[in-house]
Amino acid sequence: MDLGYARVSTTHQDLERQLVALADQGIEADRIYADKKTGATIDRPEFAKMLKYARPGDTIVATNLDRLGRNLRECLNVIHDLTQRGVGVKTLRDPLPIDTTDTSGMAEISVAMLALFAHMERVFMRERAAHAREVAAAQGKQPGRPRKLSPAQLAAARAALAAEQPVEQVAEAFGVSRATLYRYLAELVDSDQTE
C-alpha cells in the first residue's frame, strides 16, 4: 500500500501542490498524511502517525526527500529505518529520484550518493566554521556566541553567592539561567586553578 506524506514549513503555505501530486499517483486521500510544520521541529504528528501505521510492504511517497526530514542526515536515517522495517520510500520530483522498492540497484546508488553529499556538506560546514573562528581570532574577536556575563558581572555574582544569596536570585538578577550561571562559575574556577 502506498502512503503519501506532504509537509509545508508554515501555516501560510499551501499543501495543495503536494496533495495533487500524491493523488495523481493513485494515493487515496485517507492514506495521505500532511503536516504544516517546519522541518526544524521534531513535533510532526501526522508524520509520526504515518510511521506508526506503515507496515512491511508499504511505500511512503513524498514529492521531495526534504519533506521527510529536517536535513539530509535525518532523511537518510528515516530511509534506513524504514528499509529495515520493510517499508519503501519513493520521491516524485527530486533531481536524483529515490525509490527503495526499485530492485535494479538504482535506489541504493541514489541513497549512497545522497549520503556522500551529506558527508561532504558536514565537512564543508566544519571547514567554514574553522575559517570563521580563525578570522575572528585574527581580528581580536571572541568566536562563538557573545558572553552573557561580563567579567565584572561574574565577579559580582560570585560575591553574591559567597554572601549566601540563593542561586536562583543571583541568576535572575543577571538575567541568566541557573545552568548558565553554574557553567560560568565552573569556567572561572578552572581558569583560577590553571593560573
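Scroll up a little and you will see the structure.
Residues numbered from 1 in each chain as written. Predicted model: local features only at pLDDT ≥ 70, side-chain atom pairs only at ≥ 80, totals over all residues. Heavy atoms only, no water.

1. Re helix α5 (residues 151-162)
Thought 1: Given a rise of 1.5 Å per residue, 12 residues ought to cover 16 Å, and the 16 Å separating the end C-alpha atoms of α5 matches this to within 8%.
Thought 2: Taken together, the buried positions of α5 are occupied by L154, A157 and A160. Projected down its long axis, α5 shows its buried positions confined to an angular sector of 120 degrees, all on one face. Along α5, the residues that are exposed and aim more than 90 degrees away from the buried face are P151, A152 and A162.
Thought 3: Where α5 ends, the next residue or the one after it, E164, has phi of about 65 degrees, a positive value. (Helix = DSSP H or I, 4+ residues; strand = E, 2+ residues; numbered from the N terminus. Expected span 1.5 Å × (residues − 1). Buried < 20%, exposed > 50% of the residue type's maximum accessible area, 1.4 Å probe, protein only. Arc of directions from axis to C-beta.)

2. Thoughts on the packing of aromatic side chains
Thought 1: For the structure on display, the rule yields 1 aromatic pair.
Thought 2: Looking at R55, its charged tip hangs above the ring of Y53, at a distance of 5.8 Å from the centre. (Phe/Tyr/Trp six-rings, centres within 6.5 Å; stacked < 30°, edge-to-face > 60°. Lys NZ or Arg CZ within 6 Å of the ring centre and 35° of its normal.)

3. Examining the side chain of R31
Thought 1: Within the element layout of this structure, R31 appears in the loop between α1 (16-24) and β2 (32-36).
Thought 2: Among the polar contacts listed, one links the side chain of R31 to the backbone oxygen of D2, at a separation of 3.3 Å.
Thought 3: When sequence neighbours within four positions are dropped, the list of residues in contact with R31 reads M1, D2, L3, G4 and G26. (Polar contact = N/O pair within 3.5 Å; in protein donor to acceptor, adjacent residues only side chain to side chain. Contact = heavy atoms within 4.5 Å.)

4. Description of the pattern of salt bridges
Thought 1: Considering all chains together, one arrives at 5 salt bridges under this definition.
Thought 2: A salt bridge links E28 to R31; the shortest N-O distance between them is 3.8 Å.
Thought 3: For R31, a relative accessible area of 17% gives the class buried.
Thought 4: Among the salt bridges present, the one from K49 reaches E46, with a minimum N-O distance of 3.1 Å. Of the two residues, K49 and E46 are both situated in helix α2 (residues 45-53); the distance of 3 residues between them amounts to about one turn of the helix. (Salt bridge = Lys/Arg side-chain N within 4 Å of Asp/Glu carboxyl O.)

5. Digging into the side chain of R7
Thought 1: With respect to the element layout, R7 can be found in strand β1 (residues 2-8).
Thought 2: One buried charge, R7, has no salt-bridge partner; the nearest side chain with opposite charge is D66, at 5.4 Å.
Thought 3: At 2.6 Å, the side chain of R7 and the backbone oxygen of D66 are in polar contact. (Lys, Arg positive; Asp, Glu negative; His and termini not counted.)

6. Quick look at the nonpolar core
Thought 1: Ranked by size, the top nonpolar core spans 19 residues in total, and within it M50, I60 and L68 carry the most contacts.
Thought 2: At the level of elements, β1, α2, β3 (59-62) and α3 (72-84) are the ones that each hand at least two residues to this core.
Thought 3: Counting residues per element, this core draws most heavily on α3, at 5 residues.
Thought 4: Beyond its immediate chain neighbours, meaning those up to four positions away, L68 contacts Y5, R44, F47, I60, A62, E74, C75, V78 and V89.
Thought 5: Counting 11 residues, the second-largest nonpolar core is a separate cluster that includes A157, A160, Y184 and L185. (Core = buried A, V, L, I, M, F, W, Y, C linked by side-chain atoms within 4.5 Å.)

7. Thoughts on the environment of M113
Thought 1: Tracing the chain through its elements places M113 in helix α4 (residues 106-138).
Thought 2: Here M113 falls in the partly exposed class, since its relative accessible area comes to 33%.
Thought 3: Separated by 70 residues in the primary sequence, M113 and D43 place their C-alpha atoms 28 Å from one another.

8. What to know about unusual backbone geometry
Thought 1: One non-glycine residue, E164, lies in positive phi territory at about 65 degrees.
Thought 2: Considering the arrangement of structural elements, one finds E164 in the loop between α5 and α6 (167-173).

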